[in-house]
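Summary of structural features
The primary structure of each chain is shown beneath.
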Amino acid sequence: MLKLSQLATAVALVVAGNAAFAGEVEVLHWWTAGGEAKSVGELKTIMQGKGHTWKDFAVAGGGGDNAMTVLKSRVVSGNPPAAAQIKGPALQEWAAEGVLANLDATAKAEKWDELLPKGVADIMKYKGNYIAAPVNVHRVNWMWANKAVLDKAGVKGTPKTWDEFFSAADKVKKAGLIAVAHGGQNWQDFTTFESVVLGVGGAKFYSDALIKLDQKALTSATMTKSLETFRKIKGYTDAAAPGRDWNLATAMVIQEKAAFQFMGDWAKGEFAAAGKVPGKDYICAAAPGTDKAYTFNVDSFAMFKLKDAAAQKAQADLAASIMGTQFQEVFNLNKGSIPVRLNMDMSKFDDCAKLSAKDFVATSKTGALLPSIAHGMAVKPAAEGAIKDAVSQFWNDDKISIADGVKNIAKAAATK
Ligand code: GAL
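As a starting point, this report considers the structure included with it. Here the residue numbers are simple positions, counted from 1 along each chain's written sequence. The predicted origin of the model limits local features to residues at a pLDDT of at least 70 and limits the giving and counting of side-chain atom pairs to 80 or more, whereas totals for whole chains, interfaces and linings rest on all residues. As a rule here, side-chain values cover all heavy atoms of the structure and leave hydrogens and water aside.

What to know about empty space enclosed by the protein
With a 1 Å grid laid over protein atoms only, a set of points is called a cavity when a 1.4 Å probe fits there but cannot get out and a pocket when it is open yet has protein on both sides within 12 Å along at least five of seven lines; lining residues have an atom within 4 Å of a point. Grid points are joined across faces, edges and corners, and a volume is the space filled by probe spheres set on the points. Tallying each qualifying case throughout the model produces two cavities of 30 Å³ or more. Around the largest cavity, the lining is made up of 15 residues, and of these Trp30, Glu36, Gly63, Trp266 and His375 lie nearest the centre. Only Asp, Glu, Lys and Arg are considered charged in this grouping, and only Ala, Val, Leu, Ile, Met, Phe, Trp, Tyr, Cys and Pro are considered nonpolar; every other residue, Gly among them, is considered polar. Split by residue class, the lining of the largest cavity holds five nonpolar, six polar and four charged. Lining the second largest cavity are Val180, Ala181, His182, Gly183, Gln188, Thr192, Gln261, Phe262 and Met263. Only DSSP runs of H or I with at least four residues qualify as helices, and only runs of E with at least two residues qualify as strands; both kinds are numbered from the N terminus onward. Those elements that place two or more of their residues in the lining of the second largest cavity are α10 (186-211) and β10 (258-262). Grouping the constituent residues of the lining of the second largest cavity by class yields four nonpolar, five polar and no charged.

So this is what it looks like as structure tokens:
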């Protein structure tokens, strides 16, 4: 048995030991909406619990374009943050610059290869080495609906096809309410677009057109049909949509001002933060025509090479925490996503998350588990940006004919 004085010395040693390795982690992210901020706050709490100092580097702007611009200027000036929210093929580009830290020691100790779906682990690796830690799996092809609004408008059931959707939307309009809550920012236009392409053309067509960027698919009759459907949706949005943030569009659905929103399940984080319950207050359903497919968006953090030993220890702790069960549960409960770590207990998650988890597994077996192009998972940033602009121009300018819209998007897809 230790005597009290010995115990005090031992405690002092442990504290001193920790202090020697307590570092500051500056973390760049774009999670500033209600549910998002709550989620990232959980990571901060875990890191502070390990004795580290959290320096929040939040750059507002859904979808992260602003954050990526700021990140580039920080790295170019030789002053990168310890960690940054970077995902998909962009990770490969950053790694090729030689600025990212190798996370293999943490990944090996924590058995990431066993805990991650192989497809996700591959995205986190550059030349076989881990360069990022994944936090979640967001599903993008969702449609959110307010139950009370649908009841008021006399809409029975949730629309499963685009025809059913437009007839429901007509009823909502007739009832004097907004059918589609939309935030008119290019990445939100693009988010709706990819769900329309998936719903109209199916998984194989989505893959050919928006992952392989096959010119034949991009200029096909199915793409024409997709653009017709996409343009038709605009007629159901309100005049104040241009420039609106995504979470304000979600708020319109929450507050019974609008019936539907097409958005990834970070929108669920807003419903949850407002105390709303799926099935009772709101409905989560796959966007029309997409229930057998799944567009995924995996958020991840990359660490930048830093010299300071304490900072490196903090980075390793951050990476390990991100993949830990405690964080994976509490973060994803708030964020609207599901854990990326396999074999997690899902009992605390709601029905939308359970459906997402079930469909993630099911679609991984049928080839209908697809990377989201609108959220940086499918193609290189240059092509993604060009297609996003072409899609958004088409959405915003009714004078662009469908034929020209198809041509412009196909041309943008050829950007290297
Ligand atoms: C996505 C990101 C999500 C969510 C959304 C809106 O790109 O992956 O986590 O935050 O933007 O900001």
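Details of helix α12 (residues 221-234)
One less than the residue count of a helix, multiplied by 1.5 Å, gives the span that helix is expected to have. Here α12 contains 14 residues, and its C-alpha end-to-end distance of 21 Å stays within 8% of the 20 Å for a straight helix at 1.5 Å per residue. Three labels apply to residues, based on accessible area from a 1.4 Å probe with only protein chains included: buried if under 20% of the type maximum, exposed if over 50%, partly exposed otherwise in between. Taken together, the buried positions of α12 are Met223, Ser226, Leu227, Thr229, Phe230 and Ile233. Along the long axis of α12, the arc covered by the buried residues comes to 160 degrees, so they all point the same way. The arc in question is formed by the directions pointing from the helix axis toward the C-beta atoms.

Quick look at the site of the ligand
Put simply, a residue is near a molecule or strand once any heavy atom of it comes within 4 Å of that molecule or strand. Around the ligand sit 13 residues, and of these Glu36, Lys87, Asn297, Asp299 and Lys335 come closest. What qualifies as a polar contact is a pair of N or O atoms within 3.5 Å, subject to a donor-acceptor requirement within protein and to the restriction that residues adjacent in sequence count only when both atoms come from side chains. Within the side chain of tryptophan 31, an N or O atom sits 3.0 Å from an oxygen atom of the ligand. In this structure, lysine 87 approaches the ligand through a side-chain N or O atom, which is 2.7 Å from an oxygen atom. Every accessible area reported is derived by Shrake-Rupley at a probe size of 1.4 Å, with residue values counting cover from the shown protein chains alone. In the complex, the protein chains occlude 100% of the 300 Å² of accessible area that the ligand would expose alone. By definition, a pocket or cavity contains a molecule when more than half of the molecule's atoms lie within 2 Å of the pocket's grid points. Put simply, the ligand lies in the largest cavity. Tallied by class, the residues present in the shell around the ligand amount to four nonpolar, five polar and four charged.

Thoughts on the sheet that holds strand β9 (residues 178-180)
Either a parallel or an antiparallel arrangement is found when strands of a sheet pair, and the pairing is made through backbone hydrogen bonds. As summarised here, the arrangement of the four strands in space is β9-β10-β8-β11, forming an open sheet in which the pairing is mixed. The open sheet terminates on both sides in strands that have one partner only, identified here as β9 and β11 (282-286). Neighbour-to-neighbour, the strand axes of this sheet turn through a mean angle of 15 degrees, independent of strand direction. With two bridges connecting them, β9 and β10 associate as parallel partners. Its bridge partner being in β10, isoleucine 178 is matched across the sheet by alanine 258. Across the face of the sheet, helix α13 (residues 246-254) comes into contact with β8 (142-146), β9 and β10 while running at roughly 145 degrees to β10. At least two DSSP bridges between two strands are required for those strands to pair. The convention used is that axes are lines fitted to C-alpha atoms, helices contributing only their stretch in contact, and that angles between N-to-C directions extend from 0 to 180 degrees. The criterion used for residue contact is that any of the two residues' heavy atoms lie within 4.5 Å.

Considering the sheet that holds strand β3 (residues 83-85)
With mixed pairing, the five strands of this open sheet are ordered in space as β2-β1-β3-β13-β6. Each having just a single partner strand, β2 (53-58) and β6 (132-134) make up the two edges of the open sheet. Strand-to-strand twist across the sheet, computed as the mean angle between neighbouring axes with direction ignored, equals 20 degrees. The pairing of strand β1 (residues 24-29) with β3 spans two bridges and is parallel. Residue pairing across strands places valine 27 opposite alanine 83, the latter belonging to β3. Across the sheet, helix α2 (residues 34-49) touches β1, β2 and β13 (300-303), and the angle it forms with β2 is around 155 degrees.

Details of the nonpolar core
Ranked by size, the top nonpolar core spans 62 residues in total, and within it Leu71, Ile86, Trp112 and Leu318 carry the most contacts. Element by element, the count of residues in this core is highest for helix α15 (residues 309-323), at five residues. Excluding residues that lie within four positions of it along the chain, isoleucine 86 makes contacts with Leu71, Leu91, Trp94, Ser300, Phe301, Ala302 and Phe304. With 58 residues, the next largest nonpolar core counts Phe165, Ala217, Phe230 and Ile373 among its residues. Buried Ala, Val, Leu, Ile, Met, Phe, Trp, Tyr and Cys residues form a nonpolar core when they are joined through side-chain atoms within 4.5 Å.

Some points on the pattern of salt bridges
A carboxyl oxygen of Asp or Glu within 4 Å of a side-chain nitrogen of Lys or Arg is what we treat as a salt bridge. Summed over the entire model, instances satisfying the criterion amount to 19 salt bridges. Where lysine 118 meets aspartate 122, a salt bridge forms, and the shortest distance between an N and an O atom there is 2.8 Å. Taken together, the residues lysine 118 and aspartate 122, both in helix α7 (residues 118-123) and four residues apart, mark about one turn of the helix. Residue lysine 118 is classed as exposed on the basis of its relative accessible area, which comes to 61%. Its salt-bridge partner being aspartate 291, residue lysine 292 comes within 3.4 Å of it at the nearest N-O pair. Judged by its relative accessible area of 65%, lysine 292 falls in the exposed class. Connected through shared salt-bridge partners, Glu26, Lys55 and Arg74 make up one network.

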